[in-house]
Amino acid sequence: MAAKKPKHLDVIIAGFGGQGVLLIGNLLAYAGMNAGLNVTYIPVYGAEMRGGTANCTVILSSEDIGSPIVHRPQSAIIMNRPSLDKFQPRLLDKGVQIVNSSLIEPRLADTKRVKSVLVPCNGIADKLGNSRMANMVALGAFVAATQIVPLAAVIKSLENVISASYKDLIPKNAQALEAGAAAAQ
Amino acid sequence: MAKNKRVFIKGNEAVAYGALAAGCRCFFGYPITPQNDIPEFMSKAIVDAGGEFVQAESEVAAANMLLGAGACGIRAMTSSSSPGVSLKQEAISYMAGSEIPAVIVNMNRGGPGLGDIGPSQGDYYQSTRGGGHGDYRTLVLAPGTVQEAYDLTVKAFDLAFKYRNPVLVLGDAILGQMKEPVTLTPTAKVPASEGKAWRLEGKGKRKPRIIKSLFLEDGALAAQNRHLEAKYASMAGEVACEQFQLKDADLVVVAYGSIGRIAKTAIRKLRAKGKKVGLFRPITLYPFPDAALAKLAKAGKKFLTIEHNLGQMVDDVRLAIRGLADSAFFGVYPGDMPAPEDFEEPIVKALRRKA
């Protein structure tokens, strides 16, 4: 194998059930796969559903992936306050987190031990006309902050996670991804 | 030939895709978490492929339907999780006794009893020691990745018919729920003659056949058991395992399935700190890869078995290396979710231990 620097990033994506954290987890994993990386995706399932917190772990790597489960992640996307309380302390030193400042008080985000990128995901999505796309704003910001896959690969993978009957929503979701990326610059 | 299709699917779905690729024609299901994606997917996909789907009235019924299909030489499967697999054991014993091929999937969850719906390896003994009453074995395949869940399910059907024996695919709630890319292979063309020498298909003009596990005639049962013993011994060539960074390793970590891959991450982290540790991941649990382990023991290596239970496979590891070495053990309790960090300290401790 060539002596190329191996790429590896794990991320925990967490929020309320219904915020679409599993959807953007899938989307990120598809983008990684379509970009030629190895990927794993594992949701937390079972008792933690509907109204409670939902989270998933995605790993993208140029090498084969061992554990799909990560206790201390390199990065995180934090969509609500309970998720911040749970996962911010677990983030590795110098880790990166996207914090949804529309729902989380900015002062709660740790800016010393880790890199916190504050993005008003719901606010930005609202301006685009649909606050349900806050998840896409967050993922756009994440991809811009980590550079793990090109934003274009994520946009191209939207068709993998949005079913055919909602195809007309793809351009709007792409816009939300782009707006998120711009907000993280 | 067109490039094989690549899909991003759950382990549960991979098992179903694998069954279809192997030419499975009948699926008998009964719901239980964490394997519900398998019957859910099959309820449409196998019908679209021209096969039959039955949601049985119970696990017991599903397993006996499997027995019936297998006796007719039909490629058939059932899937369940731990408590449900316990209920299937009577039929599995009958299938072993009457040499009926079948594929049974167990996405192991926490036990004993109803336990929980999380991952566990508590069914290792049940899987590798037959599981039901009587003296028999089933081939046991233990995928560690979603690709393996697909590949080994395809293989399970071939092995079932090669040996006329039930084959168990043993995963867990982690494997069932996680998604990974899988490269699909073209669907196998099952020869119409498969099982022709023994299957029940209406006797026509030939002599009648009886497929049974009851042998009351003088000497008949002993003869059957002798025959089965020889058959189990002939399966030894099917062993498979993954060996990772073992060449210069002082310590061999033995772990299977999801725990194997979680251990792999711990091993990588320790390697980065200069610790000479490697992974031995059995892919077949029966037959068990004893010879490969004995070879490592002869090379003077130390052993640590890690499982998601209170210590079951460690017995087989110790048997494999007996007289040469011993194995330490670290167990994660069913009910706890293991992470690589949990394994680092036990591995370092085992590495320091005197052989």
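Residues numbered from 1 in each chain as written. Chains lettered and ligands numbered in written order. Predicted model: local features only at pLDDT ≥ 70, side-chain atom pairs only at ≥ 80, totals over all residues.

Caption draft 1: Summary view of the sheet that holds strand 9 (residues 241-244) of chain B. Residues and elements named next belong to chain B. The strand order 9-11-10-13-14 describes an open sheet built from 5 strands, whose pairing is mixed. Of all strands in the sheet, those bounded by a partner on one side alone are strand 9 and strand 14 (327-331). With direction set aside, neighbouring strand axes in the sheet form an average angle of 20°. Relative to strand 14, strand 13 (residues 302-307) runs parallel, the two being bridged by 5 bridges. Within the sheet, the bridge partner assigned to leucine 304 lies in strand 14 and is alanine 328. Across the sheet, helix 9 (residues 257-272) touches strand 9, strand 10 (251-254), strand 11 (277-282) and strand 13, and the angle it forms with strand 11 is around 170°. (Pairing = 2+ DSSP bridges. Helix = DSSP H or I, 4+ residues; strand = E, 2+ residues; numbered from the N terminus. Axes fitted to C-alpha atoms, helices over the stretch in contact; angles between N-to-C directions. Contact = placed C-beta atoms within 7 Å.)

Caption draft 2: Quick look at the interface of chain A and chain B. Contact with chain A, which involves 17 residues of that partner, is made by 17 residues of chain B. At the level of elements, helix 1 (21-34) and strand 2 (38-43) of chain A are the ones that each hand at least two residues to the side of chain A that touches chain B. Per-element accounting of the side of chain A that touches chain B gives the leading share, 5 residues, to strand 2 of chain A. Classifying every residue of the side of chain A that touches chain B gives 11 nonpolar, 5 polar and 1 charged. (Nonpolar A, V, L, I, M, F, W, Y, C, P; charged D, E, K, R; others polar.)

Caption draft 3: Examining the environment of phenylalanine 343 of chain B more closely. Residue and element names in this part refer to chain B. The residue phenylalanine 343 is located in helix 12 (residues 340-352) in this model. For the pair formed by phenylalanine 343 and isoleucine 262, sequence separation is 81 residues and the distance between their alpha carbons is 8.5 Å. Once residues lying within four places of it in the same chain are set aside, the contact partners of phenylalanine 343 are Ile262, Ala263, Ala266, Ile306 and Phe330.

Caption draft 4: Representation of the sheet that holds strand 6 (residues 139-141) of chain B within the structure. Residues and elements named next belong to chain B. If you walk across this open sheet you meet the 7 strands as 3-2-4-5-7-6-12, and the pairing is mixed. Edge strands, defined here as strands with exactly one partner in the open sheet, are strand 3 (52-55) and strand 12 (284-286). Across the sheet, the axes of successive neighbouring strands diverge by a mean angle of 20°, strand direction being ignored. Pairing of strand 2 (residues 26-29) with strand 3 involves 4 bridges; the strand directions are parallel. Bridging across to strand 3, cysteine 26 finds its partner in glutamate 52. Along the sheet, helix 2 (residues 37-48) makes contact with strand 2, strand 3, strand 4 (76-80) and strand 5 (102-108), crossing strand 3 at roughly 145°. Along the sheet, helix 3 (residues 59-71) makes contact with strand 2, strand 3, strand 4 and strand 5, crossing strand 4 at roughly 160°.

Caption draft 5: Focus on the packing of helix 3 of chain B against helix 4 (residues 82-97) of chain B. All names here are of chain B. Relative orientation of the contacting elements helix 3 and helix 4 amounts to 30°, with a least axis distance of 8 Å. Considering their axes alone, helix 3 and helix 4 lie roughly parallel with respect to each other. With respect to the hand of their crossing, helix 3 and helix 4 are arranged in right-handed fashion. Residue-level inspection shows Glu59, Val60, Ala63, Asn64, Leu66, Leu67 and Gly70 of helix 3 in contact with helix 4, the latter providing Gly84, Leu87, Lys88, Ala91, Ile92, Tyr94 and Met95. Looking at the contact of helix 3 with helix 4 residue by residue, the class counts come to 9 nonpolar, 3 polar and 2 charged. (Parallel < 35°, antiparallel > 145°, perpendicular 65-115°, else oblique. Left-handed = near helix turned anticlockwise from the far one by under 90°.)

Caption draft 6: Summary view of the packing of helix 1 of chain A against helix 4 (residues 134-146) of chain A. Residue and element names in this part refer to chain A. Running from amino to carboxyl end, helix 1 crosses helix 4 at an angle of 40°, the nearest separation of the two axes being 9 Å. With respect to helix 4, the element helix 1 is oriented oblique. Classified by chirality, the crossing of helix 4 by helix 1 is right-handed. Here Val21, Leu23, Ile24, Leu27 and Leu28 of helix 1 come into contact with helix 4, specifically with Asn135, Met136, Ala138 and Leu139. Across the contact of helix 1 with helix 4, the residue classes break down as 8 nonpolar, 1 polar and no charged.

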